[in-house]
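# Topology and contacts: notes
If you want the building blocks of each chain, they are given just below.
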Amino acid sequence: TPLPTTAPRRQREGDAEVASGPTPGTHPSRVIKFEELPPSGAQTDKAEMIAAGGMGLGKKENLRLVEDLAREMGAAVGASRKIVDAGWIDRTHQVGQTGTTVRPKLYMACGISGAVHHPAGMQEAGTIVAINNNKKAPIFQFADIGVVGDAEQILPATPYELNHPKDALSHTGRPLPNAPTTPRP
């Protein structure tokens, strides 16, 4: 018996893709595999900005800090292989030699050591910002801007700085010229 040649119609409902096919009972079917689609914005290979997290975040719950930063920036969320392997985040977010190669305008590596396989996937980014508490972490060899410190303490303040650029400090530690400062809440 020939199989139907019409493809099932697809529609979007929330973050899941729904396919409607033949009328139930006309063709036997069974679920072989259920796979959750990644959330929108997770396409790291096409993103202009990426905020990525690694094991230096300390625990899975701290990945939320990177996700919050990405949301504030309108960026995709990237990940090191180690946190993907640990089950913190889906493999679709993995950047590196065994993940996706990315070329965003801005790449923020938060708690990522920079083992050889990770930079292989992000070293062509326009600007690389690295936050790591180990000042000898290999990621700093690739970074345009390096911040030595605990990502768990630095990341919560970052969205404020993004939303209040007039409060930003220059690399000298003094306010930028003609940038009035406003008191922090």
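What this report covers is the structure whose coordinates are included nearby. (Residues numbered from 1 in each chain as written. Predicted model: local features only at pLDDT ≥ 70, side-chain atom pairs only at ≥ 80, totals over all residues. Heavy atoms only, no water.)

So, on to the sheet that holds strand S3 (residues 49-53). The strand order across the open sheet built from 5 strands is S4-S3-S5-S6-S7, with neighbouring strands paired in parallel fashion. Looking at which strands have only one partner, the edges of the open sheet turn out to be strand S4 (76-79) and strand S7 (145-148). Averaged over neighbouring strand pairs, the angle between their axes works out to 15 degrees when direction is ignored. The pairing of strand S5 (residues 106-110) with strand S6 (residues 127-132) spans 5 bridges and is parallel. Within S6, the position partnered with Ala 109 by the bridge is Ala 130. (Pairing = 2+ DSSP bridges. Helix = DSSP H or I, 4+ residues; strand = E, 2+ residues; numbered from the N terminus. Axes fitted to C-alpha atoms, helices over the stretch in contact; angles between N-to-C directions.)

Another point: the nonpolar core. Membership of the largest hydrophobic core comes to 22 residues, with the highest contact counts inside it found for Leu 57, Val 66, Met 108, Cys 110 and Leu 155. Elements supplying a minimum of two residues to this core: helix H1 (63-73), S4, helix H2 (81-85), S5 and S6. With 6 residues, the single largest contributor to this core is H1. For Met 108, the residues in contact, after removing those within four places along its chain, are Ile 50, Ala 51, Ala 52, Leu 69, Met 73, Val 129 and Ile 131. Ranked by size, the runner-up nonpolar core spans 17 residues in total, among them Ile 50, Ala 130, Ile 139 and Phe 140. (Core = buried A, V, L, I, M, F, W, Y, C linked by side-chain atoms within 4.5 Å. Buried < 20%, exposed > 50% of the residue type's maximum accessible area, 1.4 Å probe, protein only. Contact = heavy atoms within 4.5 Å.)

Another aspect to go through is the side chain of Asn 132. Mapping Asn 132 onto the fold places it in strand S6. In this structure Asn 132 comes out as buried when scored by relative accessible area, which is 7%. Within the structure, Asn 132 has its side chain in polar contact with the backbone nitrogen of Asn 134 (distance 2.9 Å). Those residues in contact with Asn 132, other than ones at most four positions away along the chain, are Gly 111, Ile 112, Ser 113, Ala 137, Ile 139, Phe 140, Val 147, Val 148 and Gly 149. (Polar contact = N/O pair within 3.5 Å; in protein donor to acceptor, adjacent residues only side chain to side chain.)

The subject of this paragraph is H1. All buried positions along H1 are accounted for by Leu 63, Leu 65, Val 66, Leu 69, Ala 70 and Met 73. For H1, the arc enclosing every buried residue in end-on projection is 155 degrees, short of the 170-degree limit, so these residues lie on one face. (Arc of directions from axis to C-beta.)

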